[in-house]
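Each chain, written out:
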Amino acid sequence: DKGGHKHFMAKEIAEQPRVIGEAVRHYLSGDGNSVTLPGDGLDFTKIDRLTMVACGTAFFACLTAKYWFEQLARLPVEVDIASEFRYREPPIPGGTVALFVSQSGETADTLAALRYCEGKADKIISVVNVPESSIARESDLALPILAGTEIGVASTKAFTCQLTVLLMLALKAAEQRGTITPERQADLLSALRALPSSLNTALEQNSAIARAAHKLAEAKDVLFLGRGLMYPMALEGALKLKEISYIHAEAYASGELKHGPIALIDKIMPVVVLAPRDTLFDKTVSNMQEVLARGGKVMLITDDAGAAEAAGEAWQTIVMPHVDPVLTPILYAVPAQLLAYHTAVAKGTDVDQPRNLAKSVTVE
Ligand code: M6R
């Protein structure tokens, strides 16, 4: 049942305010002042490092979470693609927690990576959408993301629910390790509670994004740029666009632009710049200027403050509501998803069942 939507993907994008609200409530303590984990939970004071492993979109959720665990909990984090991780046979020193993220919980490479860590890592945790899945069953602690069934092959609500659970896990780690003040923790928890309403505001940009997507549909190649937390989001935006619209898209950390990809800039290829008005904004904008100076076409995704400063020269601007910078990945996923969705619709591709792809990759 597509619930009145044209595609499952559109329905699943629209469900995000509700399912994220449910995930936040599920992991909030009764008094709302802290994060509660199921079962015996986890003692992050006894952990020296976190190794996160996943594939595809779940891998980008891990890349995002690396910023959170490092900045909020001061915990060293390694992130790897499951198919690379296990064949490299990495050493797993004592004090390591291995964390696996998977919507289906059945991805062959992720499951094999988990089995590689059995008996080596201190603890095996998973962040999954299917609690009965192999990955959940073989973990010491499985954290459900509560996204509900995801049918569209392109992952949307599972991604933002993964991010929500990973951020709350990072907050738990920060609290236990004493690396966050109670005030900052309270701020972030209340921002998480307010997230469904910010997501609804982001969804109101649907028609504006559809108009921008019509122009993107003419492109052969698209470049996505972002810094900090927006770098994994750029990767995710490029993957979404590739998967369902079949337009070649690449993502770079904005600072890497002059180390090569700037050679691609011309008057034809659109460049999507993800840049909320945060501490890295000025740096990203100066990279955007480098693109504009070479005649490049910039589609800027930012907030009101960012648009006031930088929208003038952009080809297209998409404006998001302001949220605490820590939460921007969960919010900016929405325009990235809608952009890919409407581009695919404009091109007439099979949005829910793109060619060559399967929802769950249970073979290598
Ligand atoms: O079920 P999983 O989360 O383990 O799946 C991982 C990837 O196969 C998956 O995220 C894939 O990249 C999606 N098609 C992305 O939209």
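From a predicted model like this one, the values you see are computed outputs, not experimental measurements. (Residues numbered from 1 in each chain as written. Predicted model: local features only at pLDDT ≥ 70, side-chain atom pairs only at ≥ 80, totals over all residues. Heavy atoms only, no water.)

S.K.: Tell me about the sheet that holds strand E8 (residues 270-274), and name the residues and values.
M.R.: Across the sheet, five strands lie side by side as E7-E6-E8-E9-E10; this open sheet has parallel pairing. The sheet is open, and its two edges are formed by strand E7 (248-253) and strand E10 (316-320), each paired on a single side. Strand-to-strand twist across the sheet, computed as the mean angle between neighbouring axes with direction ignored, equals 20°. The pairing of strand E6 (residues 221-226) with E7 spans six bridges and is parallel. Residue pairing across strands places Leu225 opposite Tyr252, the latter belonging to E7. Together, E6, E8 and strand E9 (297-303) form the strand contacts of helix H11 (residues 281-293), whose direction differs from that of E9 by roughly 165°. (Pairing = 2+ DSSP bridges. Helix = DSSP H or I, 4+ residues; strand = E, 2+ residues; numbered from the N terminus. Axes fitted to C-alpha atoms, helices over the stretch in contact; angles between N-to-C directions. Contact = heavy atoms within 4.5 Å.)

S.K.: Which residues make up the packing of aromatic side chains, and what values go with them?
M.R.: Scanning all chains against the criterion turns up three aromatic pairs. Relative to Phe60, the ring of Phe59 lies with its centre 5.7 Å away and its plane at 55°, an arrangement referred to as tilted. Here Lys120 stacks its cationic end above the ring of Tyr116, 3.8 Å away from the centre of that ring. (Phe/Tyr/Trp six-rings, centres within 6.5 Å; stacked < 30°, edge-to-face > 60°. Lys NZ or Arg CZ within 6 Å of the ring centre and 35° of its normal.)

S.K.: Outline the pairing of E6, listing residues and values.
M.R.: Counting buried positions over the six residues of E6 gives five, a clear majority of the element. As a crossover connection, the stretch from E6 through helix H10 (residues 230-245) into E7 is right-handed. Here E6 runs beside E8; their pairing, made up of four bridges, is parallel. Across the sheet, the residue bridging to Phe224 is Val272, located in E8. (Buried < 20%, exposed > 50% of the residue type's maximum accessible area, 1.4 Å probe, protein only. Right-handed = clockwise from strand over helix to strand, strands pointing away.)

S.K.: Describe in detail the pattern of salt bridges, supporting the description with residues and values.
M.R.: Scanning the model with the defined rule gives 17 salt bridges in all. Glu15 serves as the salt-bridge partner of Arg18, at 3.9 Å between the closest nitrogen and oxygen. For Glu364, the salt bridge identified is with Arg86, shortest N-O distance 2.8 Å. Of this pair, Glu364 sits in the segment after helix H13 (328-347) while Arg86 sits in helix H4 (residues 82-88), and the two are 278 residues apart along the sequence. (Salt bridge = Lys/Arg side-chain N within 4 Å of Asp/Glu carboxyl O.)

S.K.: Describe the site of the ligand, and please don't skip the residues or the numbers.
M.R.: With respect to spatial proximity, 14 residues lie near the ligand, and among them Ser102, Gln103, Ser104, Thr107 and Glu243 are the closest. One of the backbone N or O atoms of Val153 is found 3.1 Å from a nitrogen atom in the ligand. The backbone of Ser155 places a nitrogen or oxygen atom 2.9 Å from an oxygen atom of the ligand. When isolated, the ligand has an accessible area of 410 Å², and the protein chains bury 91% of it. Most atoms of the ligand, that is more than half of them, are within 2 Å of grid points of the largest pocket. Taken together, the residues of the shell around the ligand sort by class into five nonpolar, seven polar and two charged. (Near = heavy atom within 4 Å. Polar contact = N/O pair within 3.5 Å; in protein donor to acceptor, adjacent residues only side chain to side chain. Areas by Shrake-Rupley, 256 points an atom, 1.4 Å probe, with all protein chains shown as cover. 1 Å grid on protein atoms, 1.4 Å probe; cavity = no way out; pocket = protein on both sides within 12 Å on 5 of 7 lines; lining within 4 Å. Sits in = over half its atoms within 2 Å of the grid points. Nonpolar A, V, L, I, M, F, W, Y, C, P; charged D, E, K, R; others polar.)

These values are about where atoms sit, not about what they do.
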